[in-house]
Amino acid sequence: MTLLSVWKAVNLRSSRNYCYATVVSSAENLLDLIHLSLTHKSLKLTQQCHARSLSLGFTQNPFLATKLISAYAIFGVPAQSQLVFDSLHIKSVYLWNSLINGFVKNRAYNEAFGWFYQMCCHGVLLDDFTLATMSKVCHQIGDLNAGKLIHGKSLKTGFVLDVIVANSLMSMYSKCGGFGECLKLFDEMPERNVGSWNAILSGYADSGDRNFDKEVSGFVKDMQIEGLKPDAFTVSSLLTLCNGHMRKRDHGRELHGFIVRIELAVGYGTEVHLGCCLIDMYSRSDRVEVGRRVFDRMKSRNVYAWTAMVNGYVQNGALEEGLVLFHEMQVRDGVEPNKVSLVSVLPACSVVAGLIGVKQIHGYAIRKQFNNDVSLCNALIDVYSKCGSLDHAKQVFEFGYFHRDPISWSSMISGYGLHGKGEEAVSVYNKMLQLGNKPDMITIVGVLSACVRAGLVGEGLCIYKSAINKYKIKPTVEICACVVDMLGRSGQLGQALDYIKTMPMEPSPSVWGALVNASIIHGNSEMQDLAYRFLIQLEPENPSNYVSLSNLHASSRRWDVVSEVRTLMKDRCLTKTPGYSWISINNTTHFFYAADKLHPCSKSIYELLGGLILLMKGPAVSHDFENFTRVRKLFVSLGFYNRYGGRVPRLLEVKTKVTSYLLTLEFLSHAKDFHLLKFELSIVDVEMFSPNSCSDNEELRKDALLH
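Residues numbered from 1 in each chain as written. Predicted model: local features only at pLDDT ≥ 70, side-chain atom pairs only at ≥ 80, totals over all residues. Heavy atoms only, no water.

Per an unreviewed UniProt entry, the protein carries the name DYW domain-containing protein and comes from Salix brachista.

See the structure below:
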């Protein structure tokens, strides 16, 4: 029946608040009307069709019931689908499939499994659609054991020979960490299509550490030998493997040429999909400018293409370009950002635009009702902490309308640690355990780092032991570096060295770097020299290690060793890049090198710096300002110099390796009424707040830390 005949049979009347249908007398008319309700996205019309079917006695019509179950699921009310299903006396496999698929579409995976269990208990014969759907559920929830159960059901019923079912099972295995089973299933398939090869190639991409030249390229050749041509999904799976060393980058260029040569990127959906994959591949290979050329040549761009390009800029440190493109996306093309767009641009906002920029993104998310997305909320917790606003991070974490996952807990714990609040970080960690959440490696690193900064050695070691013994977390290099840092800062340098010797893996530069920092804090030059020697072995191309070792021996007047280290640097053609800082004031970025006099206001800055140094040496200040490196004196002075312009100075990044120690700038509260209580020179992000420059509460100003 055509749409015109439907309108002849149906007198559809609508007003501002309601719509209703009349003159519907057959099941066929109702089926067409339900289809019409889906086209016009009218849940009320679907409900009226349901009511009409009840009044006409069509409740046991399987076609109408299947259509109603599917329609309610599309409108996001699977509970109504269940009511339709329960009203039927005879339930075919198609009705069971429609109900289960409706719950899957609404991500109600537990309910889908529950109905699948009921289906098996009622002795309903499973078909290929049932098994493929349940494989997808196992894939989504990452449950390998449940996936093996579905595989067993497929073997028992013989549907494992079906290409669609086998492809679904392979995708499930690759996503759930069972790539070996995926390969075995692939080898046992009597018949394969392009989707089968795509599933195995996608499995290689997800498994990691696979040899592109031998295994993956071999699969591609075998696929072509069987007479199957790679499609867009095949190429996109291969592109994810083409970042890393130079040989893999060449493979990426070859795939790009293949796409152009056979005109694979034809059609709106295909062009956008492959364009996004190419942009991502080039961005991950540190060639974001090539990704931009791909982006500029795309004939059609949607929000995913814009987001891929913005994310590429942010990943490569081109933060201002990322923000400019994010603005162009909305102004020039009228494309509204989605949740992924906001997550991608947040790191750039936190650095370039500061706290105000992050608040603007947060406000936009609330207006668009994105504030219940867990990934976005996790990103907000992270950037609020890094912008110095721990209160806002706590508000998102404690009062946000989202389900907290392990990343949420880890972000909040790391935020507390970043601000030197180790006890609060440990408290949040304990609360997480009490609620039944198991820690992972990232959580342990976050809470141990917090203990390091707060000097909570006993608590940190207890957490480390419980993580290893109780939660069976394997110690990683990052965890070991935290333990060394913890022992070293507390003065237990011997125990720290003994721990390094017993590590289950080779110590990394971060481990020896932690020992270096601890040796400097406690003035142990022998341990410092030992750690630097190992750093040079591990990082022979890092000039900072040579310079630091040379300076160490120069302070002890061991000029022969100094000459030896300097000669080694010269032989290896190593030169240390000067450390520099930059500060953003009035939307202008100012760069400073050590002893820099190129700034147009340098004369006034140095005059103010001299006054601050004299003030620092007064009796009211208890800390040694001379430890505050000269490049940082310059940006602080510029901040004070611009104080009366009504702007809040912000240090964006410090490109230098500095010993980690705590320094309290008490003089800031005496000079120009600034409030900056404490910061750590190993961290590189600062907000300075004057009493009149920030409308937030007093606690926000008190918690303004250098990060």
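## A look at the overall build of the protein
Counting secondary structure elements, the protein contains 36 helices and eight strands. Buried residues in the protein amount to 48% of all 707 residues. Across the protein, the fraction of contacts at a sequence separation of at least 24, relative to all contacts at a separation of at least 6, is 59%. Of the roughly 35,000 Å² that the protein leaves accessible, carbon and sulfur atoms contribute 53%. (Helix = DSSP H or I, 4+ residues; strand = E, 2+ residues; numbered from the N terminus. Buried < 20%, exposed > 50% of the residue type's maximum accessible area, 1.4 Å probe, protein only. Contact = heavy atoms within 4.5 Å. Areas by Shrake-Rupley, 256 points an atom, 1.4 Å probe, with all protein chains shown as cover.)

## Here we look at helix 23 (residues 406–418)
Here helix 23 contains 13 residues, and its C-alpha end-to-end distance of 18 Å stays within 8% of the 18 Å for a straight helix at 1.5 Å per residue. Taken across its 13 residues, helix 23 has 10 buried, putting it largely inside the fold. Looking only at helix 23, the buried set comprises Ser408, Trp409, Ser410, Ser411, Met412, Ile413, Gly415, Tyr416, Gly417 and Leu418. Phi turns positive, to about 75°, at Gly420, one or two residues after helix 23. (Expected span 1.5 Å × (residues − 1).)

## A closer look at helix 20 (residues 339–367)
The end-to-end C-alpha distance of helix 20, which contains 29 residues, comes to just 12 Å, noticeably less than the 42 Å that a straight helix rising 1.5 Å per residue would cover. Along helix 20, the largest kink reaches about 140° and is centred on Ala353. At the N-terminal boundary of helix 20, the capping side chain belongs to Asn338, with an oxygen 3.2 Å from the backbone nitrogen of Val340. Immediately downstream of helix 20, the backbone of Gln369 shows phi near 60°, a positive value. (Bend = angle between axes of the 7 residues up to and from the residue. Polar contact = N/O pair within 3.5 Å; in protein donor to acceptor, adjacent residues only side chain to side chain.)

## Here we look at the UniProt feature "repeat: PPR" (unreviewed entry) in the protein
Within the UniProt annotation, "repeat: PPR" (unreviewed entry) is assigned to residues 92–126, 162–196, 302–337 and 405–439. Helix and strand shares over residues 92–126 are 74% and 0% respectively, and the end C-alpha atoms of the span are 10 Å apart. From the first C-alpha to the last, residues 405–439 spans 11 Å; its make-up is 74% helix and 0% strand. (UniProt positions renumbered as here; feature names shortened; annotations may be inferred.)

## So, the packing of aromatic side chains
One pass over the structure, following the stated rule, counts eight aromatic pairs. When the ring of Phe186 is compared with that of Trp197, the centres are 4.9 Å apart and the planes differ by 75°; the resulting orientation is edge-to-face. Within this pair, whereas Phe186 is found in helix 11 (residues 179–188), its partner Trp197 is found in helix 12 (residues 194–207), the two being separated by 11 residues in sequence. Phe186 gets classed as buried once you look at its relative accessible area, which sits at 2%. Relative accessible area serves as the criterion here: at 2%, Trp197 is assigned to the buried category. Through a chain of ring-to-ring contacts, the aromatic side chains of Phe85, Trp96 and Trp115 assemble into a single cluster. Here Arg192 stacks its cationic end above the ring of Phe186, 4.2 Å away from the centre of that ring. Here the basic side chain of Arg301 rests over the ring of Phe295, its NZ or CZ set 4.5 Å away from the ring centre. (Phe/Tyr/Trp six-rings, centres within 6.5 Å; stacked < 30°, edge-to-face > 60°. Lys NZ or Arg CZ within 6 Å of the ring centre and 35° of its normal.)

## Some thoughts on the pattern of salt bridges
Think of it this way: side chains of opposite charge can pair up when their charged atoms draw near. According to the stated counting rule, one finds 10 salt bridges in the structure shown. For Arg332, the salt bridge goes to Asp333, with nearest N and O atoms at 3.7 Å. The exposure class assigned to Asp333 is partly exposed, which follows from its relative accessible area of 36%. Connected through salt bridges with shared partners, the residues Glu328, Arg332 and Asp333 form a single ionic network. (Salt bridge = Lys/Arg side-chain N within 4 Å of Asp/Glu carboxyl O.)

## Points about the side chain of Ser174
Of note, Ser174 is situated in helix 10 (residues 163–175). Here Ser174 falls in the buried class, since its relative accessible area comes to 8%. Excluding residues within four positions of it along the chain, Ser174 makes contact with Phe179, Cys182, Gly203 and Asp206.

## Here we look at the side chain of Ser344
Within the fold, Ser344 resides in helix 20. At a separation of 2.9 Å, a polar atom in the side chain of Ser344 contacts the main-chain carbonyl oxygen of Val340. Once residues within four sequence positions are removed from consideration, Ser344 is found in contact with Thr307, Asn311 and Val314.

## Considering the environment of Ala393
Structurally, the position occupied by Ala393 is in helix 22 (residues 390–399). Contacts of Ala393, omitting those with residues within four sequence positions, involve Ile381, Tyr384, Ser385 and Met412.

## Description of the environment of Leu169
The residue Leu169 is located in helix 10 in this model. With relative accessibility at 0%, the residue Leu169 sits in the buried group. On a C-alpha basis, the gap between Leu169 and Thr133 in space is 10.0 Å, while along the polypeptide they are 36 residues apart.

## Considering the packing of helix 26 (residues 457–469) against helix 27 (residues 477–489)
Remark: helix 26 packs on helix 27, axes separated minimally by 10 Å, with the N-to-C direction vectors making an angle of 155°. By the angle between their axes, helix 26 is roughly antiparallel relative to helix 27. Crossing of helix 26 against helix 27: the hand is left-handed. When helix 26 is examined against helix 27, the residues Val457, Gly460, Leu461 and Tyr464 are found in contact with a partner set consisting of Ile479, Val483, Met486 and Leu487. A per-class count over the contact of helix 26 with helix 27 returns seven nonpolar, one polar and no charged. (Axes fitted to C-alpha atoms, helices over the stretch in contact; angles between N-to-C directions. Parallel < 35°, antiparallel > 145°, perpendicular 65-115°, else oblique. Left-handed = near helix turned anticlockwise from the far one by under 90°. Nonpolar A, V, L, I, M, F, W, Y, C, P; charged D, E, K, R; others polar.)

## Focus: the confidence of the model for the protein
Mean pLDDT over the protein works out to 77, with 75% of the residues at or above the 70 mark. When the elements of the protein are averaged for pLDDT, strand 6 (residues 662–664) gives the smallest value, 32, and helix 18 (residues 303–315) the largest, 94. Scored below 50 in pLDDT, residues 620–631 makes 35 contacts in the model with residues more than four places away or belonging to other chains. Confidence drops under a pLDDT of 50 for residues 643–707, and excluding neighbours within four residues, the segment shows 183 contacts in the predicted structure. (pLDDT = per-residue confidence, 0-100.)

## Points about the environment of Val511
With respect to the element layout, Val511 can be found in helix 29 (residues 509–521). Once residues lying within four places of it in the same chain are set aside, the contact partners of Val511 are Val477, Ala481, Val484, Ile500 and Met503.

## A few points about the packing of helix 6 (residues 93–105) against helix 8 (residues 128–141)
Orientation of helix 6 relative to helix 8, taken along the N-to-C sense of each, is 15°, at an axis distance of 10 Å. Relative to helix 8, helix 6 is oriented roughly parallel. Read as a crossing pair, helix 6 and helix 8 show a hand that is left-handed. For the pair helix 6 and helix 8, contact is made by Val93, Asn97, Ile100, Asn101 and Val104 and by Phe129, Thr130, Thr133, Met134 and Val137, respectively. Tallied by class, residues from the contact of helix 6 with helix 8 come to six nonpolar, four polar and no charged.

## Focus: unusual backbone geometry
Even without being a glycine, Arg107 presents a positive backbone phi close to 60°. Take Arg107: it is sitting in the loop between helix 6 and helix 7 (109–121). When its relative accessible area of 67% is taken as the criterion, Arg107 is described as exposed.

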